[in-house]
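Okay, here's what each chain looks like letter by letter:
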Amino acid sequence: MASTAIAAANIANFLPVIMSLKIKAAVESNLVIAKLLDRRYEADLKYGKGVDVPNLSNLVANAVNTAQETTLNDILQNTDQILVNYWWETAVGLSDQHKAQAIPPTLDALAEKCGYGIAEKIDASLGALFNAFSQSVGTEGSALTADVLLSAYEYLNLANAPAKDRAWIFDPESITDLMKIDMFVRSDYVPGSVMANGWTGRSILGSPVYITTNLAVVNTTYHGAAYLHKEAIALIMQQAPRARRYEWPQKYTTVVSVDAMWGMKEMRDTFGCWIRTRS
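If you're wondering where the values come from, they're calculated on a predicted model, not measured in any experiment.

(A) Fine view of the pattern of salt bridges. In total, this model carries 10 salt bridges according to the counting rule given. In this structure, Lys99 engages Asp96 in a salt bridge whose closest nitrogen and oxygen atoms are separated by 3.7 Å. Linking Lys99 with Asp96, this pair stays in helix α2 (residues 96-101), spanning 3 residues, or about one helical turn. Lys99 sits in the partly exposed class, given a relative accessible area of 35%. You can call Asp96 partly exposed: its relative accessible area is 36%.

(B) Spatial organisation of the sheet that holds strand β3 (residues 86-95). As summarised here, the arrangement of the 3 strands in space is β3-β11-β10, forming an open sheet in which the pairing is antiparallel. Edge positions in the sheet fall to β3 and β10 (233-248), since each of these pairs with one other strand and no more. Pairwise comparison of adjacent strand axes, ignoring direction, gives a mean angle of 10° for this sheet. In this sheet, strand β11 (residues 253-266) lies alongside β3 in antiparallel orientation, the contact comprising 10 bridges. Among the inter-strand pairings, Gly93 is bridged to a residue of β11, identified as Val255. Its contacts with the sheet put helix α3 (residues 106-127) on β3, β10 and β11, and the angle it makes with β11 is roughly 15°.

(C) Inspection of unusual backbone geometry at higher detail. A positive phi angle, near 60°, is found at Asn160, a position not held by glycine. Within the secondary structure, Asn160 sits in the loop between α4 (146-158) and β5 (166-170). A positive phi angle is found at Leu205, which is not glycine, with a value near 55°. When you line up the elements, Leu205 lands in the loop between β6 (203-204) and β7 (207-211). For Leu205, a relative accessible area of 32% translates into the label partly exposed.

(D) Main features of the environment of Leu158. Structurally, the position occupied by Leu158 is in helix α4. Owing to a relative accessible area of 63%, Leu158 belongs among the exposed residues under this scheme. In this structure, the C-alpha to C-alpha distance between Leu158 and Lys113, residues 45 residues apart in sequence, is 43 Å.

(E) Region of the structure containing the nonpolar core. In this structure, Leu126, Phe130, Leu149, Trp168, Phe170, Leu178 and Ile275 are the most contacted members of the largest nonpolar core, which totals 52 residues. The set of elements that each furnish at least two residues to this core consists of α3, α4, β5, α5 (172-178), β9 (222-229), β10, β11 and β12 (272-276). Aside from chain neighbours lying at most four places away, what touches Trp168 is Leu149, Ala152, Tyr153, Ile204, Leu205, Ser207, Pro208, Val209, Tyr210, Ala226, Tyr227 and Ile275.

(F) Examining the side chain of Thr212 more closely. Here Thr212 lies in the loop between β7 and β8 (217-218). Among the polar contacts listed, one links the side chain of Thr212 to the backbone oxygen of Asn30, at a separation of 2.6 Å. Engagement of the side chain of Thr212 in a polar contact is seen with the backbone nitrogen of Asn214, the distance being 3.0 Å.

(G) Seen up close, the packing of aromatic side chains. Under the counting rule described, the total for this entry stands at 4 aromatic pairs. Arranged with centres 5.2 Å apart and planes meeting at 15°, the rings of Tyr86 and Trp262 form a pair that is stacked. With Tyr86 in strand β3 and Trp262 in strand β11, this residue pair connects regions lying 176 residues apart in the sequence. For Tyr86, a relative accessible area of 25% corresponds to the partly exposed category. Judged by centre distance (3.7 Å) and plane angle (15°), the ring pair of Trp168 and Tyr227 falls under stacked. Taken together, the residues Trp168 in strand β5 and Tyr227 in strand β9 connect sequence positions 59 residues apart. The pair formed by Trp168 and Tyr227 is uniform in burial state, with each residue classed as buried. Over the ring of Trp88 we find Lys121, and its NZ or CZ is 4.0 Å from the ring centre. Against the face of Trp248 rests Lys251, its NZ or CZ located 5.8 Å from the ring centre.

The rules behind each value
- Residues numbered from 1 in each chain as written.
- Predicted model: local features only at pLDDT ≥ 70, side-chain atom pairs only at ≥ 80, totals over all residues.
- Heavy atoms only, no water.
- Salt bridge = Lys/Arg side-chain N within 4 Å of Asp/Glu carboxyl O.
- Helix = DSSP H or I, 4+ residues; strand = E, 2+ residues; numbered from the N terminus.
- Buried < 20%, exposed > 50% of the residue type's maximum accessible area, 1.4 Å probe, protein only.
- Pairing = 2+ DSSP bridges.
- Axes fitted to C-alpha atoms, helices over the stretch in contact; angles between N-to-C directions.
- Contact = heavy atoms within 4.5 Å.
- Core = buried A, V, L, I, M, F, W, Y, C linked by side-chain atoms within 4.5 Å.
- Polar contact = N/O pair within 3.5 Å; in protein donor to acceptor, adjacent residues only side chain to side chain.
- Phe/Tyr/Trp six-rings, centres within 6.5 Å; stacked < 30°, edge-to-face > 60°.
- Lys NZ or Arg CZ within 6 Å of the ring centre and 35° of its normal.

The structure is reproduced here in structure tokens:
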């Protein structure tokens, strides 16, 4: 007669592994770029493939000469065209079999990821414009310094960019560089303590600092950070992210998708400065 409990190996097939109803979703980037740009022209796009934005040139002053006719300004006026040339979607399908067998939150969780996929693409397409700015500071592969950021600040000041609505957009490695620069962390330069509060709510030279891991990679490994005024780049969302859920009978599949249509353009080149980063 057996006098011990059944061996663990002999009952292993009877011991199930339970699937959790809580899903661990992949970590998402902090998407910050789209909300910092110029969206004024969006309302003008009632129909059509884009918007022509009139440019109003400055006029020149002439000395008054009562002996001749008034000199009238005759300066060519141009337009900037913003075309809606991005139409992207993120979609996933779940078969009828998988719907019946998968844990309940699966389709909803996939739908949320579709929304993030489109938002990430919009943000990435905008960040890819940073290295097109004609003004740039820093050296790829080298840590940021106070002089680098002061040079970017000077560029926007020389361009008469308003102090309001400027922003710094950095990758995490650049934030690490900044934490080593006294003038950006010491309380005798700026109020508060970066060591205690991190970079939440921090500003540099009066402009807020934003951190994202979704900056475009330039020259294989270096991220393109930026210091800009919102009017440097215009964004038009002709179709805001749209979520849909529908049956595909031929495939015995339920599809969830999110799509969006947008266009963007660099409008004021001198209102932006590309910041080369160390990684």
